[in-house]
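Secondary and tertiary structure notes
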Amino acid sequence: PDGTTLFTEPGASKVHKIDKSGVITTFVENTNRANGLALDSKGRLIATTALTIDVLHPPPAKATLAKMSTRPNDLVVDKKDGIYFTLPSDKPSAVYYIPAGGEAIKVGEAPGAHGIQLSPDEKTLYSADSGGEYLIAFDVQSDGKLTNRRNFGKYQGLKTTESHADGIAVDSQGRVYVGIETGVQVFSAKGDALGLIPTSQRPQNLAFAGPDKKTLYLTGR
C-alpha cells in the first residue's frame, strides 16, 4: 500500500524491498526458497516456498498454511483472503485453492501452470502455461472452484510454441501483462493482443508498484 515493492531471491532464501527512492534492502531472511509473493487483507506477506505455502511477515511467528509434495510456484490472494496457487509438477499440473482458514484443495487442471492472477472483479483467474502459446483463463465460482478453462489470448513474437510464460500482473483497467520468452505480452480484458514490451532478459515475475501503482517492475532471469 505504501508504494514499495517486494521481490524474492529464491536461491538465497530472501525477500528484498525496493523503497520509493529505489534503494534495495533485505526485508525477510530464511524464507525456505520463497518464490511467489502476495499480501492479504491483514497485511500478511504470504509466499510459495520449497514445499509449503507460508506466512513470512510480520514477525515473530511464521505460519504454514499448506504442505505439498512438490514445489508450488506462484500465488494470488482474493478479497476473501483465499489463496490460489499453482503446482507445475503435479501430474497434470494444477491450480489449488486455500479458503480462508481452510485446507488446500485442487480446483482446476492447468497445463504448464506457473504465474497466476485474478481479474479486478475476481470473476476470472489467469494461469500462465509455460509450455504453450496461450494464456489460460478460468471462470471463478462462489466457492472458489474453477470452471470453463479456455485459451484467453495468444502470445506474439514467439520463436516456437513454448512461451516460457511465467509472472502475470493486471492493471486497474483489467489489462493483463504476462512475462514470456521475448518480453511482456499485454492483453485487453477481453483477450485481444495489445502489444509486446520487449525486454533484454526473460521476465520471470512482475507487479505494479510505485506512486499510484503506475510502474511495472520485472524480475529477469
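Refer to the structure printed above.
So, here's what we can say about the structure. All figures in this text were calculated on a predicted structure; none of them were measured in a lab. (Residues numbered from 1 in each chain as written. Predicted model: local features only at pLDDT ≥ 70, side-chain atom pairs only at ≥ 80, totals over all residues. Heavy atoms only, no water.)

Examining the overall build of the chain
Assigned secondary structure in the chain consists of 0 helices and 21 strands. Over its C-alpha trace the chain gives a radius of gyration of 16 Å, about what one expects of a compact globule, namely 17 Å for 221 residues. For the chain, the C-alpha atoms occupy an extent of roughly 45 × 40 × 30 Å along the three principal directions. Looking at the chain as a whole, 46% of its 221 residues are labelled buried. In the chain, 34% of the contacts between residues at least 6 apart in sequence involve partners at least 24 apart. Surface accessibility of the chain: about 10800 Å² in total, with carbon and sulfur atoms responsible for 48%. For the chain, the centre of its 25 positive side-chain charges and the centre of its 24 negative side-chain charges are spaced 1 Å apart. (Helix = DSSP H or I, 4+ residues; strand = E, 2+ residues; numbered from the N terminus. Rg over C-alpha atoms; globule rule 2.2 N^0.38 Å. Buried < 20%, exposed > 50% of the residue type's maximum accessible area, 1.4 Å probe, protein only. Contact = heavy atoms within 4.5 Å. Areas by Shrake-Rupley, 256 points an atom, 1.4 Å probe, with all protein chains shown as cover. Lys, Arg positive; Asp, Glu negative; His and termini not counted. Charge placed at Lys NZ, Arg CZ, Asp CG, Glu CD.)

Points about the pattern of salt bridges
All chains considered together, the criterion is met by 7 salt bridges. For Arg44, the salt bridge identified is with Asp40, shortest N-O distance 2.7 Å. Given a relative accessible area of 26%, Arg44 falls into the partly exposed group. A residue is classified by how much of its surface remains accessible, and Asp40, at 8% relative accessible area, is buried. (Salt bridge = Lys/Arg side-chain N within 4 Å of Asp/Glu carboxyl O.)

Observations regarding unusual backbone geometry
In this structure, Pro58 follows His57 across a cis peptide bond, with omega equal to 5°. With respect to the helices and strands, the residue Pro58 is situated in the loop between strand E6 (52–57) and strand E7 (63–67). Put simply, Lys91 and Pro92 share a cis peptide bond, and its omega is -5°. Position of Pro92 relative to the elements: it lies in the loop between strand E9 (83–87) and strand E10 (94–98). Not every positive phi belongs to a glycine, and Asp81 is a case in point at roughly 65°.

Describing the sheet that holds strand E8 (residues 75–77)
Pairing in this open sheet of 4 strands is antiparallel, and the strands run E8-E9-E10-E11 from one edge to the other. The open sheet has two edge strands, E8 and strand E11 (105–109), and neither has a second partner. The sheet shows a mean angle of 25° between the axes of neighbouring strands, taken without regard to direction. Summarising the sheet, E10 and E11 pair through 4 bridges and their orientation is antiparallel. Of the residues in E11, the one forming a bridge with Tyr96 is Lys106. (Pairing = 2+ DSSP bridges. Axes fitted to C-alpha atoms, helices over the stretch in contact; angles between N-to-C directions.)

Comments concerning the sheet that holds E7
Across the sheet, which stays open at both edges, the 4 strands sit in the order E4-E5-E6-E7 with antiparallel pairing between neighbours. In this open sheet, the two edge strands, each paired with only one partner strand, are strand E4 (37–39) and E7. Strand-to-strand twist of the sheet, defined as the mean angle between neighbouring strand axes without regard to direction, takes the value 25°. Pairing between E6 and E7: 4 bridges, direction antiparallel. Bridge pairing links Ile53 to Ala66 in E7.

Section: the packing of aromatic side chains
Evaluated as defined, the whole model comprises 6 aromatic pairs. Taking 4.3 Å as the distance between ring centres and 35° as the angle between the ring planes, the aromatic pair formed by Tyr84 and Tyr97 counts as tilted. On the criterion of sequence distance, the pair formed by Tyr84 in strand E9 and Tyr97 in strand E10 is long-range, its members being 13 residues apart. Overall, Tyr84 belongs to the buried group, its relative accessible area being 1%. Residue Tyr97 is classed as buried on the basis of its relative accessible area, which comes to 4%. Centre to centre, the rings of Phe152 and Phe187 are 6.2 Å apart; their planes meet at 85°, and the pair counts as edge-to-face. Taken together, the positions of Phe152 in strand E15 (residues 146–154) and Phe187 in strand E18 (residues 183–187) put the pair 35 residues apart, joining distant regions of the chain. Exposure class is identical for Phe152 and Phe187. Each is buried. The rings of Tyr126, Phe152, Tyr155 and Phe187 are connected pair by pair, giving a single aromatic cluster. (Phe/Tyr/Trp six-rings, centres within 6.5 Å; stacked < 30°, edge-to-face > 60°.)

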